[in-house]
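One-letter residues, chain by chain:
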Amino acid sequence: MMVKKKILLTMAGAVISIAAQAADAPAGKVDLVGRGAPQVDTLPDDHYGRLVRYGQELSTRTFAYIGPEVKQKSMRYAGNNLACTSCHQDGATKPYGMPWVGVAATFPQYRGREDAVSTVEDRVNGCMERSMNGRALPPDSREMRAYVAYMSFLSRGIPVGAQVSGMGIPASKMPNRRADLAAGGKVYEEKCAACHGANGAGLRKGKAGDAQGYVFPPLWGPDTFNNGAGMNRLIMATRFVKHNMPQGTNHASPALSDDEAYDVSAYMLSKPRPIKTGLEKDFPARWNKPIDAAFPPYVHGATADQHRYGPFPPLAEEARKRAAMQKSVDEARRLLDERRQQQQE
Ligand code: HEC
Ligand code: HEC
């Protein structure tokens, strides 16, 4: 009996110390730059290999499988003819081009838009309903499984909880002024229109109705991301454009200055695009609503125009203050709860 108890105690001790180590140790650090991403060709032609390949296909040729022009009406989940990889470039493997490499290691995660912990499926549907201007994929559909399998495959070798640099888009400096739409229009003409068209409608691969997508995707008009998309926020779009456009640009050698990227993105976002209803329900915890979310309610006491076109640095300062205040409120609440519990004991 005694011996058994002692072993149990030692085991419990070991478990506790491992748990403590896991909590103390800095999570693994991974840098995506120069790391390369796993290749789907290395996978055998089995259930798993086929699903991952389908996930890659769905990402690069979204329009051909779940776009608004596919024959089978029930499969029309996306509302535009973009591909996921119109934004998530290079098959969603480009460092600092919002790659999915590492996504499997960083989800589930807290997200302000929902003020809740989101799974990777929720995140896919976030882009389905906004970037793709469509409707949510059923969580148990083959398509959703394929996306998740592809993301998890791309994330191979990256430990859960790791700190991954090269995900998302790098920050860039926001000029402390309202964006200049006229200057942006000039940049557009000189540096974007050759591919995306003078009217922003892009260049079709085939013709309308044949579900073949675009050589150069549209930036505005009816067949692109809607006003609830991350890309419709000026800070987000500026960062994306600065580090990824014109095509071939990457984070290490941006082609546009901060001012050019800011103005041309504002010009792009000043044009009409599909409208998503119900956006006022986004970011239920208002204090963490991004300052460039250009739809009501506006919570920082600034005008709608400022949330849409800047200047952003004063809004950023205001948001920092609010976040700090929220933190002290949370801390006070926690202490109060603790006190209450002690009194009950
Ligand atoms: C119009 C551009 C655009 C398109 C098209 C698009 N996305 Fe996104 N996606 C974004 C932006 C912008 C973000 C980052 C948003 C943020 O940080 O809140 C993002 C983020 C994501 C993330 C989270 C990445 C991370 O690092 O946490 C996933 C997963 C994702 N998208 C999946 C998809 C899928 C699947 C599709 C196609 C069905 C798609 N996206 C199409 C713009 C796009
Ligand atoms: C050489 C052609 C080319 C030029 C020039 C170019 N782009 Fe693009 N752009 C593309 C392609 C192609 C994609 C789709 C992603 C890919 O395949 O790499 C894209 C994607 C985009 C996207 C995301 C998808 C969408 O439809 O919204 C935005 C935003 C964008 N470009 C903005 C710009 C801006 C702003 C400029 C000018 C500063 C610009 N691009 C210049 C070729 C170009």
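Residues numbered from 1 in each chain as written. Chains lettered and ligands numbered in written order. Predicted model: local features only at pLDDT ≥ 70, side-chain atom pairs only at ≥ 80, totals over all residues.

(A) Inspection of the overall build of the protein at higher detail. Helix and strand counts for the protein come out as 13 helices and 6 strands. Projected onto its principal axes, the C-alpha positions of the protein cover 80 × 55 × 40 Å. Buried positions account for 35% of the 345 residues belonging to the protein. (Helix = DSSP H or I, 4+ residues; strand = E, 2+ residues; numbered from the N terminus. Buried ≥ 20, exposed ≤ 12 C-beta atoms within 10 Å, placed from the backbone.)

(B) Looking closely at the site of ligand 1. Around ligand 1, the surrounding shell holds 23 residues, and the nearest of these are Cys84, Cys87, Cys127, Ser131 and Gly230. Here the residues of the shell around ligand 1 are counted per class, giving 16 nonpolar, 6 polar and 1 charged. Residues lining the shell around ligand 1 come from more than one domain, with at least three contributed by each of domain 1 (33-165) and domain 2 (181-322). (Near = placed C-beta within 6 Å. Nonpolar A, V, L, I, M, F, W, Y, C, P; charged D, E, K, R; others polar. Domains from an automatic or database assignment.)

(C) Up close: the domain arrangement of the protein. Parsing the protein into structural domains produces domain 1 (33-165) and domain 2 (181-322). One C-alpha centre belongs to domain 1, the other to domain 2; they are set 21 Å apart. Facing 23 residues of domain 1, the contacting portion of domain 2 comprises 25 residues. Tallied by class, the residues present in the side of domain 1 that touches domain 2 amount to 8 nonpolar, 10 polar and 5 charged. (Contact = placed C-beta atoms within 7 Å.)

(D) Region of interest: the environment of Leu137. Assignment of secondary structure puts Leu137 in the loop between α6 (120-129) and α7 (142-154). Here Leu137 falls in the buried class, since 22 other C-beta atoms lie within 10 Å of it. Once the C-alpha coordinates of Leu137 and Tyr77 are considered, the two residues, 60 residues apart in sequence, prove to be 6.8 Å apart.

(E) Looking closely at unusual backbone geometry. Cis geometry marks the peptide bond from Met245 to Pro246, where omega comes out at -15°. Tracing the backbone through its elements, the reader meets Pro246 in the loop between α10 (234-244) and α11 (258-269). Note the cis peptide between Pro296 and Pro297, where omega equals 0°. With respect to the helices and strands, the residue Pro297 is situated in the loop between α11 and α12 (304-309). Unlike most non-glycine residues, Asp90 shows phi in positive territory, near 50°. Asp90 gets classed as partly exposed once you count the C-beta atoms within 10 Å, which come to 13. Positive phi values are uncommon outside glycine, yet Met98 reaches one of about 50°.

(F) The arrangement of the site of ligand 2 in detail. With respect to spatial proximity, 23 residues lie near ligand 2, and among them Cys192, Cys195, Pro217, Pro246 and Gln247 are the closest. Those elements that place two or more of their residues in the shell around ligand 2 are α9 (193-196) and α11. Sort the elements by how many residues they give to the shell around ligand 2 and α9 lands first, with 3 residues. Broken down by class, the residue content of the shell around ligand 2 amounts to 17 nonpolar, 5 polar and 1 charged.

(G) Examining the packing of helix α8 (residues 181-191) against α11 more closely. The interhelical angle for the contact between α8 and α11, taken along N-to-C directions, is 95°, at an axis separation of 7 Å. Taken together, α8 and α11 sit at an angle that is classed as roughly perpendicular. Here Leu181, Ala183, Gly184, Gly185, Val187 and Tyr188 of α8 come into contact with α11, specifically with Glu260, Asp263, Val264, Ala266 and Tyr267. Within the contact of α8 with α11, the residues separate by chemical class into 7 nonpolar, 2 polar and 2 charged. (Axes fitted to C-alpha atoms, helices over the stretch in contact; angles between N-to-C directions. Parallel < 35°, antiparallel > 145°, perpendicular 65-115°, else oblique.)

(H) View of the environment of Phe283. Secondary-structure assignment places Phe283 in the loop between α11 and α12. On the basis of neighbour count, Phe283 is assigned to the buried category, with 20 C-beta atoms found within 10 Å. Residues Phe283 and Gln89, 194 residues apart in the sequence, show an inter-C-alpha distance of 27 Å.

(I) Layout of the UniProt feature "domain: Cytochrome c" (unreviewed entry) in the protein. Feature annotation in UniProt places "domain: Cytochrome c" (unreviewed entry) on residues 179-272, given in this structure's numbering. Split by type, residues 179-272 is 40% helix and 5% strand. Its first and last C-alpha atoms lie 17 Å apart. (UniProt positions renumbered as here; feature names shortened; annotations may be inferred.)

(J) Expanded view of the confidence of the model for the protein. Averaged over all residues, the pLDDT of the protein is 90; the fraction at 70 or higher stands at 92%. Considering only residues more than four positions removed or in separate chains, one finds that residues 1-25, a stretch of pLDDT under 50, has 0 contacts. (pLDDT = per-residue confidence, 0-100.)

(K) Quick peek at the packing of helix α2 (residues 47-60) against α7. Orientation of α2 relative to α7, taken along the N-to-C sense of each, is 100°, at an axis distance of 7 Å. In terms of orientation, α2 lies roughly perpendicular with respect to α7. Packed against α2, whose contacting residues are Leu51, Val52, Tyr54, Gly55, Gln56, Leu58 and Ser59, the element α7 presents Glu143, Arg145, Ala146, Tyr147, Ala149, Tyr150 and Phe153 at the interface.

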